[in-house]
Amino acid sequence: MTQTPNSRVRTRFAPSPTGFLHLGGARTALFSWAFARHHGGVFVLRIEDTDVERSTPEAVQAILDSMDWLGMQPDEGPFYQMQRMDRYREVVAQMLAAGTAYHCYCTPEEVEAMRERARAQGLKPRYDGTWRPEQGKTLPPVPAGRQPVVRFKNPLTGVTSWNDMVKGPISFDNGELDDLIIARPDGTPTYNFCVVVDDWDMGITHVLRGDDHVNNTPRQINILRALGATLPEYGHVPMILGPDGEKLSKRHGAVNVMEYDKEGYLPEAMVNYLARLGWSHGDDELFTRAQLVEWFDTRHLSKSASQWDPKKLNWVNAHYLRQMSDADLAAHVAPRLARRGGDPAAADLAAVVGLLKDRAETLEQLAEGAMLFCGPFGGVPAELAAQHLTDAAREALRDFARESATSDWSRESLSATIKKVLAARGIKMPQLAIPLRVAVTGQTQTPAIDAVLALLGKEKVLQRLEAALA
Ligand code: GLU
């Protein structure tokens, strides 16, 4: 870690480990990651775990797993704020010594009463500066036995402004900002203060984060200035809305990144979709991770909130599924198939996914479809048998079984055999194809019947036909 201004770009992702990594956090992380990569810089991961009540090791692990899954490995960290307490105390002491912070002995009740008074006068509720040292001012006597908080001596006048990388110029009147508490009576540092010390110590040059932090930024800037630190650039990314325009939440479907792994989305598709959600490169909808890194800039981050679109995510995922080789796809599908009770070795899984992938949007759909070939066969349901295995259909099936028994069982010869039976009997495709599907798969709808028969294999098909005809 360094405290000197750094010419090399350094970004950070600073999640609070109070739950799984949600889509909004993942997208912010992705922007910080891509920005660092684009500039050949450093991407730092910092775990903001000072809220000990709500932070859990499981949540830390979930965040690490999600970042790993999305391929956003940090160059430095994870750093844990709880392991940096001594450093924060040290900086608090420095600020007290420098006079940029001061002890305040007011009780929370007294501060509340000040706020009440301000409200009653139609003013902004705030700490009234009772303990703020000023030249020529006499401070009240220190109440015996009371532990003070430490407050930052915020400038009373002027404005704090920055040119936000996303939103453009933003400014706050310093008069609107309270003298922020930076350490509690027990000496523990507060949220904004830890962020400031960390961004400083970690030499962060560019902070990209959610726009729920805009109000923290002027406070952080003022503390950084008081410390004599070089300011990072800030960019505040608008939030993600659900398809109905409300803040994205569980009501709209999964918001936990790892849930998307479970549901059969590819990390490449998630990265592509998340990046495009709030950032653009011309009209490009599909781009690789390398292109994202090459093209990423903050100028094309959207100023307005973006909307989660599950249909588009599915479309992007379907694209990446089709891009993958059948063998790789089979390797992704095999464990999912096994979890459903299927046997990945029961058929040529690469050929199976090759057949199914044009119509699938997720790995789970592929696994589901592959059960037709690799799952247990439960026989033909009675009502389907009654409806579709009529006497005429049975005749046609017998013909097919006899004719195909001597074929080489390629898809082409199976197709030729089917056509031969249709011609000989003067019937149409559905009159044979549907009974065949029912007899051999127990379903009326499958992919192309010749392909299904070829992949199931001669032995299984003839056995099942025999059973259905018995
Ligand atoms: N820990 C904060 C959060 O999870 C982020 C702080 C920051 O990026 O400055 O919302």
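Parameters at a glance
Residues numbered from 1 in each chain as written. Predicted model: local features only at pLDDT ≥ 70, side-chain atom pairs only at ≥ 80, totals over all residues. Heavy atoms only, no water. Helix = DSSP H or I, 4+ residues; strand = E, 2+ residues; numbered from the N terminus. Rg over C-alpha atoms; globule rule 2.2 N^0.38 Å. Buried < 20%, exposed > 50% of the residue type's maximum accessible area, 1.4 Å probe, protein only. Contact = heavy atoms within 4.5 Å. Phe/Tyr/Trp six-rings, centres within 6.5 Å; stacked < 30°, edge-to-face > 60°. Lys NZ or Arg CZ within 6 Å of the ring centre and 35° of its normal. Expected span 1.5 Å × (residues − 1). Axes fitted to C-alpha atoms, helices over the stretch in contact; angles between N-to-C directions. Parallel < 35°, antiparallel > 145°, perpendicular 65-115°, else oblique. Left-handed = near helix turned anticlockwise from the far one by under 90°. Nonpolar A, V, L, I, M, F, W, Y, C, P; charged D, E, K, R; others polar. Near = heavy atom within 4 Å. Polar contact = N/O pair within 3.5 Å; in protein donor to acceptor, adjacent residues only side chain to side chain. Areas by Shrake-Rupley, 256 points an atom, 1.4 Å probe, with all protein chains shown as cover.

1. Quick word on the overall build of the protein chain
Of regular secondary structure, the protein chain possesses 19 helices and 12 strands. Here the C-alpha atoms of the protein chain give a radius of gyration of 32 Å, more than 25% beyond the 23 Å that 2.2 N^0.38 yields for 470 residues. Dimensions of the protein chain, computed from the C-alpha atoms along their principal axes, are close to 110 × 45 × 40 Å. Going through the 470 residues of the protein chain one by one, you find that 50% of them count as buried. In the protein chain, the proportion of contacts linking residues at least 24 apart, taken out of those at least 6 apart, comes to 75%.

2. Let's talk about the packing of aromatic side chains
All chains considered together, the criterion is met by 10 aromatic pairs. Summarising the aromatic geometry, the rings of Tyr-260 and Trp-308 are spaced 5.9 Å apart at their centres and angled 70° between planes, so their arrangement reads as edge-to-face. Here Tyr-260 is found in helix 7 (residues 257–262), whereas its partner Trp-308 is found in the loop between strand 12 (306–307) and helix 10 (310–323), with 48 residues between them in sequence. Residue Tyr-260 shares its accessibility class with Trp-308, and that shared class is buried. Here the aromatic residues Phe-31, Trp-279, Phe-287, Trp-295 and Phe-296 are joined through ring pairs into a cluster of three or more. Residue placement shows Arg-464 over the ring face of Phe-377; its charged tip is 4.0 Å from the ring centre.

3. A short note on helix 6 (residues 216–227)
Compared with the 16 Å implied by 1.5 Å per residue over 12 residues, the 17 Å span of helix 6 between its first and last C-alpha is a close match. Counting buried positions along helix 6 yields nine of 12 residues, so the element is predominantly enclosed. Among the residues of helix 6, Asn-216, Thr-217, Pro-218, Gln-220, Ile-221, Asn-222, Ile-223, Leu-224 and Leu-227 are the ones counted as buried. Positive phi appears at Gly-228, one or two residues downstream of helix 6, with a value of about 75°.

4. Considerations on the packing of helix 12 (residues 349–356) against helix 13 (residues 363–374)
Axis separation between helix 12 and helix 13 bottoms out at 10 Å; the angle between their running directions is 125°. Here helix 12 lies oblique to helix 13, going by the angle between them. Like other packed secondary-structure pairs, helix 12 and helix 13 cross with a definite hand, here right-handed. Residues Leu-349, Val-352, Val-353, Leu-355 and Leu-356 of helix 12 form the contact with helix 13, whose own contacting residues are Leu-366, Gly-369, Ala-370, Phe-373 and Cys-374. For the contact of helix 12 with helix 13, a count of residues per class yields nine nonpolar, one polar and no charged.

5. Let's talk about the site of the ligand
Lining the immediate environment of the ligand, one finds Arg-12, Ala-14, Pro-15, Ser-16, Glu-48, Tyr-191, Val-195, Arg-209 and His-213. Within the backbone of Ala-14, an N or O atom sits 2.7 Å from a nitrogen atom of the ligand. Note that an oxygen atom of the ligand is positioned 2.9 Å from one of the side-chain N or O atoms of His-213. Its free accessible area being 300 Å², the ligand has 80% of it covered by the protein chains. The class makeup of the residues in the shell around the ligand is four nonpolar, two polar and three charged.

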